[in-house]
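# Structural overview
One-letter residues, chain by chain:
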Amino acid sequence: MSTAEQIIAEALGDKIMHTNGSGDRNRAYAAHVVAALTNAGHVIVELPEGIPDDDWQVWFDEFDVRVDCTGTSLPYDVWVGGRSRAAAGLEHLAAEYLAAARVAEGGKR
């Protein structure tokens, strides 16, 4: 598993001058970018892998969330606890949950 800093540093490649061959400057810059995003109220989250089945469904959250990939257009249907949900609504709800978790851990309100 790569951290956000590692991914950013690798993506920078030779775009920023290295102070030495180890890429220390890229890693420092990447850490600065992640800190700036965090301080501005953004969060970088590693998304879990879904569990695909043989019927073109992808499952999440211990099989409580199902993405039905059998349709011919995007976005696909998402089912949560047997109820259809819009992808945009789920993104908004996920952001609300992340914000609540941050406050619960003593972060910015």
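Residues numbered from 1 in each chain as written. Predicted model: local features only at pLDDT ≥ 70, side-chain atom pairs only at ≥ 80, totals over all residues. Heavy atoms only, no water.

## Some words on the pairing of strand β3 (residues 65-68)
- Across four bridges, strand β2 (residues 57-60) lies against β3 in antiparallel orientation. The residue bridging W59 from the neighbouring strand is R66, located in β3.
- With antiparallel pairing between neighbouring strands as the criterion, β2 and β3 make up a hairpin whose turn holds four residues, including D61 at a positive phi of roughly 50 degrees.
- The sheet contact formed by β3 and strand β4 (residues 77-80) spans four bridges and is antiparallel. Looking at β4, one finds that V65 is bridged to V80. (Pairing = 2+ DSSP bridges. Helix = DSSP H or I, 4+ residues; strand = E, 2+ residues; numbered from the N terminus.)

## Side note on the pairing of β2
- Here strand β1 (residues 51-52) runs beside β2; their pairing, made up of two bridges, is antiparallel. Across the sheet, residue P52 finds its bridge partner in β2, namely V58.
- Taken together, β1 and the strand that follows it, β2, pair antiparallel across an intervening segment of four residues, in which W56 is found at a positive phi of about 65 degrees.

## Here we look at helix α1 (residues 4-12)
- Among all positions in α1, only A4, A9 and L12 are buried. One face of α1 carries all of its buried residues, which in axial projection span an arc of 125 degrees. Structural note: α1 exposes E10 and A11 on the side pointing more than 90 degrees away from its buried face.
- Contacts made by the buried residues of α1 are with α2 (24-39). (Buried < 20%, exposed > 50% of the residue type's maximum accessible area, 1.4 Å probe, protein only. Arc of directions from axis to C-beta. Contact = heavy atoms within 4.5 Å.)

## Focus: the environment of T38
- Inspection of the secondary structure puts T38 in helix α2.
- Residue classification places T38 among the partly exposed residues on the basis of a relative accessible area of 32%.
- Within the local environment of T38, its side chain forms a polar contact with the backbone oxygen of V34, the two atoms lying 2.9 Å apart. (Polar contact = N/O pair within 3.5 Å; in protein donor to acceptor, adjacent residues only side chain to side chain.)

## Here we look at the layout of surface pockets
- Its volume calculated, the largest pocket comes out at about 850 Å³.
- Along its surface, the largest pocket is lined by 18 residues, and L47, V65, L90, E91 and A94 are the ones closest to its centre.
- Those elements that provide at least two residues to the lining of the largest pocket are β3, β4 and α3 (87-104).
- At eight residues, the largest contribution of residues to the lining of the largest pocket is made by α3.
- Split into classes, the residues belonging to the lining of the largest pocket amount to 15 nonpolar, no polar and three charged.
- In this structure, the second largest pocket spans a volume of roughly 230 Å³. (1 Å grid on protein atoms, 1.4 Å probe; cavity = no way out; pocket = protein on both sides within 12 Å on 5 of 7 lines; lining within 4 Å. Points joined across faces, edges and corners; volume = space filled by probe spheres on them. Nonpolar A, V, L, I, M, F, W, Y, C, P; charged D, E, K, R; others polar.)

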